[in-house]
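# Structural description and commentary
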Amino acid sequence: MSAPTNVTKQEFQAEVRQILDIVIHSLYTDKEIFVRELVSNASDALEKLRHLQHTEKEIFDSEAPLEITITTDAEARTITFADAGIGMTREELVENLGTIAHSGSKKFLQALSETQRKESALIGQFGVGFYSAFMVADKVTVATHSWRQDAEHLVWESDGKSEYSITPSEDVSRGCRIVVHLKEEHAEFCEKSRVQHILENYSNFVPFPILLDGERVNKVEALWMKSKSDISEDEYKEFYKFIAKAWDEPQYRMHFTADAPLDIHALLFVPQENTELFGFGQMDPGVGLYCKKILIDPNPRGLLPDWLRFVRGVIDSADLPLNISRETMQDSSLVKKLNRVVTRRFLKFLEGEAREKPEEYVKFFRKFGRFLREGVVNDTDHREDLAKLLRFESSSTEPGTLTSLADYVSRAKEDQGEIYFLSGDSRTGIETLPYLEAFKSRGIEVIYLTESGDDYVVRNLREFSGKKLVSGDSDTVELPDPVETPAGEALSGEALEGLCAFLKDKMGDAADDVLAGNRLVDSPLAALSPEHAPTAQMREFMKAMNPDQPAPPVKVRIEINPRHPLIHQLAAARTENPELAELVARLLLDQALLTAGFLEDRASMVNRGYSLMETALKK
Ligand code: ADP
């Protein structure tokens, strides 16, 4: 029998088929998550409708109550979720339930391809939204009518395999009515008590009444409006799960209220995991803007600085106009004020946590530090406060232990006017650099920059607590005498001058100057960078961004260690064995540039090494 002509059948987008296939075959045990996902979608749709009520005159079924009804039917083996939210037009049905244009499942798929995690762990972490219904169902129907007066009455239906159908219908009321036809083995979800149990706690934060088989199951609580003393730990945790659509527990929580100069009720959470670290792309801002418990925008840009996009939660201000439009929101001076007040409070909050529970703070910093670094670079207003929150390893910390710039300053001698840093791939990498010995021999601490982009952050910061941040390989560094007088006679006079001129000649355009200095202890020489030259890490980054473009040339200064035996020997060889002296000089200079990150032509260096070996082994 052929299908009636008014039925449109359509294939799911390939990515959706992939998700459905995973969802249906997954061994993920917490199948009950579909209940929360569908309730959460219903709640979102109702919030959107409530917002439209302030901006639109004509709304279909305008009298329909803003509530969610859940009905179980053991005989038919179904559970039905109905809401009087915004509903969907035909185009929206195709877009929302046939593709992965929306955020949740897109992230899930990205995560699957980019991490080694098991899909079942990911389902738990992200949820797969609407499609999770197919974990328990062999058929799902969605009867819907959009809030728009002239929209069609429609029924979407699918078995979750490869296609879905959309059929015009009659008399569908506004919103969505989703019937989940349960597989036999999942019949438990049409038992009222089982569903009630799933909804416990969680449902209280759904801002609309939920009726389960005609009985009200939730209180509708705006937790952020309550006083702290009336809220239990569990309530906070459940609320976080609700508001962040999360399945984990929050790492931090900040709840604060103010009434002057602005009325603010803010409840913010930091999740356990930074999903950007898994390579899922930029997070959307996750702090919703409310006015007197009514949602104005769930993901407003500009409410908080971009670098705070990892925070989830709610900011409610009774001073906001309810009909504020999302487009002009960012320009509103009130929103700017909210931004300033809440950001400051949050920074203070983190500072307090760092002071009181440093170990936990470091855990947080390891995962979320990149947002703070981003803030230092982009947010000049908060740069100083953010800088207090940065943590680094240093020459005074144990491997794996982090320190703050403030602690660095407190350990430094009074007359040390600068904060020194060195960057490299790792602690060991930095500790083998010749630059470090200059500081170690003088008992001066050096901050280790090992995270990619760290040196860019520090360059942007420029100073901390009145002290300039200076790279330890910079030619501007001026150091006191070493604590212990270095061993060995220093090369001097004509021998030294002659050697410097000889080396300068071999350097050609790569060096400004070759001079003797007192920085080095164990190394014969080092290349020092001009103060504002991009560091090695930055040059690597520039190369990665623009592989075809040569990195801009940098003229270094070569400092030689006049006490080093190799320098003495080289000075002597210059007259006794010029051929060998030249080979040694060139290789030494290559190595200095390599260490500084400025050597472009590595192949020539390797060849010079061979020539030197040949000469050395010549009978
Ligand atoms: P997400 O909620 O992460 O966007 P879902 O797969 O749960 O992903 O839902 C996809 C989209 O379908 C939603 O973004 C929304 O636009 C639409 N949708 C889902 N449920 C409803 C509903 N009850 N009412 C209106 N639209 C809905």
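Residues numbered from 1 in each chain as written. Predicted model: local features only at pLDDT ≥ 70, side-chain atom pairs only at ≥ 80, totals over all residues. Heavy atoms only, no water.

## A look at the domain arrangement of the protein chain
Here the protein chain is partitioned into domain 1 (8–216), domain 2 (223–363), domain 3 (392–471) and domain 4 (493–618). Averaged C-alpha coordinates put domain 1 and domain 4 at centres separated by 67 Å. (Domains from an automatic or database assignment.)

## Some remarks on helix H19 (residues 602–617)
Between its first and last C-alpha atoms H19 spans 23 Å; for 16 residues at 1.5 Å apiece the expected length is 22 Å, and the two agree. Met 605, Gly 609, Leu 612 and Thr 615 are the residues of H19 that are buried. Relative to the axis of H19, the buried residues are bounded by an arc of 130 degrees and lie together on one face. With respect to the buried face of H19, the exposed residues turned more than 90 degrees away are Glu 614 and Leu 617. Structurally, H19 contributes buried residues whose contacts are with helix H18 (578–596). (Helix = DSSP H or I, 4+ residues; strand = E, 2+ residues; numbered from the N terminus. Expected span 1.5 Å × (residues − 1). Buried < 20%, exposed > 50% of the residue type's maximum accessible area, 1.4 Å probe, protein only. Arc of directions from axis to C-beta. Contact = heavy atoms within 4.5 Å.)

## Digging into the sheet that holds strand S15 (residues 393–394)
Strand order across the open sheet formed by five strands is S15-S17-S16-S19-S18, with mixed pairing between neighbours. Across the chains shown, the open sheet's two edge strands, defined by having one partner strand only, are S15 and strand S18 (463–464). Here S18 pairs with strand S19 (residues 467–471) via two bridges, running antiparallel. Bridged to Glu 463 within S19 is Lys 468. (Pairing = 2+ DSSP bridges.)

## Quick look at the nonpolar core
Across soluble globular proteins, nonpolar side chains have a tendency to be buried as a group. Ranked by size, the top nonpolar core spans 108 residues in total, and within it Phe 310, Ile 315, Phe 346, Leu 372, Ile 558 and Ile 560 carry the most contacts. With near-sequence residues (within four places) excluded, Ile 558 lies in contact with Met 507, Ala 511, Asp 513, Val 514, Leu 515, Leu 525, Ala 526, Ala 527, Leu 589 and Ala 592. The next biggest cluster of nonpolar side chains, apart from the first, holds 79 residues, and it includes Tyr 28, Phe 34, Ala 42 and Leu 223. (Core = buried A, V, L, I, M, F, W, Y, C linked by side-chain atoms within 4.5 Å.)

## Details of the pattern of salt bridges
A complete count under the given rule lists 31 salt bridges for this structure. One salt bridge in this structure joins Asp 385 and Lys 388, with 3.2 Å as the shortest N-O distance. With Asp 385 and Lys 388 both in helix H10 (residues 383–389), this residue pair falls three residues apart, about one helical turn. Judged by its relative accessible area of 18%, Asp 385 is buried. Taking the relative accessible area as the measure of exposure, Lys 388 reaches 35% and is therefore partly exposed. What emerges from the salt-bridge pattern is a single network uniting Asp 505, Lys 506, Glu 582 and Arg 586. (Salt bridge = Lys/Arg side-chain N within 4 Å of Asp/Glu carboxyl O.)

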